[in-house]
Amino acid sequence: MLKVMSIFGTRPEAIKMAPLVKALNSDSEIDSVVCVTAQHRDMLDQVLRLFDIKPRYDLDVMKEKQTLSSITMSVLKGLDDILEKAKPDLILVHGDTTTTFAGALSAFYKKIKVGHVEAGLRSHDKWFPYPEEINRRLTGVLTDLHFAPTKTAKGNLLSEGVDEGDIFITGNTVIDAMKYTVKDGYIFREERLNKLYYDKKRVIVVTAHRRENWGKPLEDICNALRNIAVDFKDTYLIYPVHKNPVVRDTVYNILDGIDNVLLLDPLDTDEMHNLLAKCYMVMTDSGGLQEEVPALGKPVLVLRDVTERPEAVEAGTVKIIGTDSESLYNEAKLLLENKEEYNKMANAVNPYGDGNASERILKAIKYSFGVLKERPEEYKGGR
Ligand code: UD1
Ligand code: UDP
């Protein structure tokens, strides 16, 4: 049997690997094993519980205020023995975190093949997002099978000289995950979210946590959010705050105690996705939200200067606005006051997938190892 080990460690990797792990687990021709690094602990466990995934291996590497080097070293050290013992035919990593890069490097050291899920995204700027752009490029160099979510991502890989036969356009597995989480008539476990009058108060969902925004940019973001909340009393800002103490200190210092701002602990992903489905708009520096929210037909203002996800920007539902307080305030004001501008952005478009990415990746793996004879059909939607 073909032995496939999925390695992941943070919340977004877990969300996007969950549907693929389920597909691998239910295939009788594959021995599917999960290894978590637990680069995130609580935020990873939330996802494992929701999708009922039971890892065979758990490196439990998370430390408070961990550094990039310390995560890399712990993951390399932890995976060494596990890969030696388990001897998978293929390991799968996802996206652009330190777990992704260190996981791929560990496999390379053991001469084990690497499959990269969500391959080929590029901002073409070494420092933004930091360190994700470089994690993704380094992982690409170590990868044997590139699962590119879109045509644009495939184009990036081709321009770097990757062999076309090793690239499969699959769509993004996050859309598969949303098929599982988003439900009509969803009732929140967080009672305060059931009590919001989504038709009377306009709910703005906010998340911001990126390393390159720590310090002044995050302060500027929070000051702008405070001004929006004060000036637009008919809005309700909901901000589930990342567990990182660096982020929490800034956010709570500036935004705690304002009537129409609700600061929450990280939400379970089904709660988050259903909140996104009901809200008026989203302001975020997250990568994943730039893919999820367009599919739900809500405008997204991205609190960064560049993105590695240009597809929804081209489709018109995502706007890159940076972190300057004044422009952030003005862009939000425009969407709150100008219905025409709002309607232009509030279109459900889905350049990222059709919910079948996991099936395509599963077939591509089987094809690459000679279990399936025919190369699988690629995802044809999107950009
Ligand atoms: C990491 C990824 C980033 C991804 C983000 C998703 C890297 C370098 N960064 O950034 O690409 O966008 O995850 O959220 O791989 N913490 C907890 N509990 C948790 C999770 C984190 O307490 O469940 C705290 C710890 O103090 C930890 C800190 O957050 O040291 C930072 O975690 P880390 O994974 O290093 O960075 P993120 O900013 O979460
Ligand atoms: N998310 C979640 N709970 C929250 C905030 C976000 O489940 O309280 C989900 C969100 O829907 C998306 C993912 O986490 O699927 C994004 O992760 P994050 O912002 O941590 O990382 P990034 O996307 O920036 O890498």
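Procedures and definitions
Residues numbered from 1 in each chain as written. Chains lettered and ligands numbered in written order. Predicted model: local features only at pLDDT ≥ 70, side-chain atom pairs only at ≥ 80, totals over all residues. Heavy atoms only, no water. UniProt positions renumbered as here; feature names shortened; annotations may be inferred. Core = buried A, V, L, I, M, F, W, Y, C linked by side-chain atoms within 4.5 Å. Buried < 20%, exposed > 50% of the residue type's maximum accessible area, 1.4 Å probe, protein only. Helix = DSSP H or I, 4+ residues; strand = E, 2+ residues; numbered from the N terminus. Contact = heavy atoms within 4.5 Å. Near = heavy atom within 4 Å. Polar contact = N/O pair within 3.5 Å; in protein donor to acceptor, adjacent residues only side chain to side chain. Areas by Shrake-Rupley, 256 points an atom, 1.4 Å probe, with all protein chains shown as cover. Phe/Tyr/Trp six-rings, centres within 6.5 Å; stacked < 30°, edge-to-face > 60°. Lys NZ or Arg CZ within 6 Å of the ring centre and 35° of its normal. Pairing = 2+ DSSP bridges. Axes fitted to C-alpha atoms, helices over the stretch in contact; angles between N-to-C directions. Left-handed = near helix turned anticlockwise from the far one by under 90°. Nonpolar A, V, L, I, M, F, W, Y, C, P; charged D, E, K, R; others polar. Right-handed = clockwise from strand over helix to strand, strands pointing away.

Per an unreviewed UniProt entry, the recorded name for the chain is UDP-N-acetylglucosamine 2-epimerase (non-hydrolyzing), and the organism is Aceticella autotrophica. In the Sequence similarities (unreviewed entry) part of its UniProt record, the chain is described as follows: "Belongs to the UDP-N-acetylglucosamine 2-epimerase family."

J.: Give me the nonpolar core: which residues, what numbers.
T.: Among the nonpolar cores identified, the biggest contains 34 residues, and Tyr-239, Val-251, Leu-255 and Met-283 are the most heavily contacted of them. Those elements that provide at least two residues to this core are strand E8 (202-207), helix H9 (216-231), strand E9 (235-240), helix H10 (245-255), strand E10 (261-264), strand E11 (281-284), helix H14 (325-337) and helix H15 (339-345). Looking at this core element by element, the count peaks at 7 residues for H9. Other than its neighbours up to four places away in sequence, Val-251 contacts Leu-218, Cys-222, Tyr-239, Val-241, Asp-256 and Leu-263.

J.: A description of the site of ligand 2 should follow, citing residues and the corresponding values.
T.: Around ligand 2 there are 16 residues in total, and Arg-11, Leu-267, Thr-269, Gly-288 and Glu-292 lie nearest to it. A distance of 2.7 Å separates an oxygen atom of ligand 2 from a polar backbone atom of Leu-267. Expressed as a share of its isolated accessible area of 530 Å², the protein-covered part of ligand 2 is 94%. Counting residues per element, the ones that place at least two in the shell around ligand 2 are helix H1 (11-25), helix H11 (269-278) and helix H12 (288-295).

J.: Tell me about the site of ligand 1, and name the residues and values.
T.: Within the structure, ligand 1 sits among 25 residues, and Gln-39, His-40, Met-43, Lys-63 and Glu-132 are positioned closest to it. Within the backbone of Met-43, an N or O atom sits 2.8 Å from an oxygen atom of ligand 1. Here ligand 1 has 750 Å² of accessible area as a free molecule, and 95% of this is covered by the chains. Mapped by element, the contributors of at least two residues to the shell around ligand 1 are helix H2 (42-51) and helix H3 (68-86).

J.: An account of the packing of aromatic side chains is needed here, citing residue identities and associated values.
T.: Per the counting criterion, the structure on display carries 8 aromatic pairs. Taken together, a centroid distance of 5.8 Å and an interplanar angle of 35 degrees make the contact between Trp-127 and Tyr-130 tilted. Put simply, the rings of Phe-147, Phe-168 and Tyr-367 pair up and form one aromatic cluster. A cation over an aromatic ring shows up here: Lys-113 above the ring of Phe-369, its NZ or CZ 5.4 Å from the ring centre.

J.: A description of the sheet that holds strand E7 (residues 167-169) should follow, citing residues and the corresponding values.
T.: Taken together, 7 strands build an open sheet; the order of strands is E3-E2-E1-E4-E5-E6-E7 and the sheet is parallel. Lying at the two open borders of the sheet, with one neighbouring strand each, are strand E3 (57-58) and E7. Bridge count between strand E6 (residues 145-148) and E7: 3 bridges; the pairing is parallel. Note on E7: the bridge partner recorded for Phe-147 is Phe-168. Strands in contact with H1 are strand E1 (2-8), strand E2 (30-36), strand E4 (90-94) and strand E5 (113-117); relative to E1, the strand with the most contacts, it is inclined by about 165 degrees. Its contacts with the sheet put helix H5 (residues 132-142) on E4, E5 and E6, and the angle it makes with E5 is roughly 140 degrees.

J.: So what's going on with the UniProt feature "domain: UDP-N-acetylglucosamine 2-epimerase" (unreviewed entry) in the chain? Which residues, and what values?
T.: As annotated by UniProt and renumbered to match this structure, "domain: UDP-N-acetylglucosamine 2-epimerase" (unreviewed entry) occupies residues 22-366. Helix makes up 46% of residues 22-366 and strand 15%, and the two end C-alpha atoms of the span are 16 Å apart.

J.: Break down the sheet that holds strand E12 (residues 300-302) for me, citing the residues and quoting the values.
T.: Read from one edge to the other, the open sheet built from 6 strands follows the order E10-E9-E8-E11-E12-E13, with strand pairing classed as parallel. Since the sheet does not close on itself, it has two edges, and those belong to E10 and strand E13 (318-320), each with one partner. Each strand of the sheet is rotated relative to its neighbour by a mean of 20 degrees, with strand direction disregarded. Where E8 meets E11, 4 bridges bridge the pair, whose relative direction is parallel. Within E11, the residue paired with Val-205 across the bridge is Val-282.

J.: Pulling in residues and values, what's your account of the packing of H9 against H14?
T.: At a minimum axis separation of 8 Å, H9 and H14 run at an interaxial angle of 35 degrees. For the crossing formed where H9 meets H14, the hand is right-handed. Contacts between H9 and H14 involve Asp-220, Ile-221, Asn-223, Ala-224, Asn-227, Ile-228 and Asp-231 from the first element and Ser-325, Leu-328, Tyr-329, Ala-332 and Leu-336 from the second. Of the residues contributing to the contact of H9 with H14, the split by class is 7 nonpolar, 3 polar and 2 charged.

J.: Can you break down unusual backbone geometry residue by residue, with the values?
T.: Glycine aside, negative phi is the norm for most residues, and most peptide bonds take the trans geometry. A cis amide bond links Phe-128 to the next residue, Pro-129, at an omega of -10 degrees. Cis geometry marks the peptide bond from Tyr-130 to Pro-131, where omega comes out at 5 degrees. Its place among the elements puts Pro-131 in the loop between E5 and H5. Here Lys-111, not a glycine, exhibits a phi torsion of approximately 55 degrees, which is positive.

J.: Break down the environment of Gly-9 for me, citing the residues and quoting the values.
T.: Structurally, Gly-9 can be placed in the loop between E1 and H1. The residues touching Gly-9, leaving out its near neighbours within four places in the chain, are Thr-37, Ala-38, Gln-39, His-40, Leu-44 and Thr-99.

J.: Give a detailed account of the pairing of E9, specifying residues and quantitative values.
T.: Buried residues dominate E9, accounting for 6 of its 6 residues. Going residue by residue along E9, you find Thr-235, Leu-237 and Tyr-239 tucked away on one face and Tyr-236, Ile-238 and Pro-240 tucked away on the opposite face as well. Pairing of E8 with E9 involves 4 bridges; the strand directions are parallel. Across the sheet, Val-205 pairs through a bridge with Ile-238, a residue of E9. You can see the chain leave E8, run along H9 and come back into E9, and the turn it takes is right-handed.

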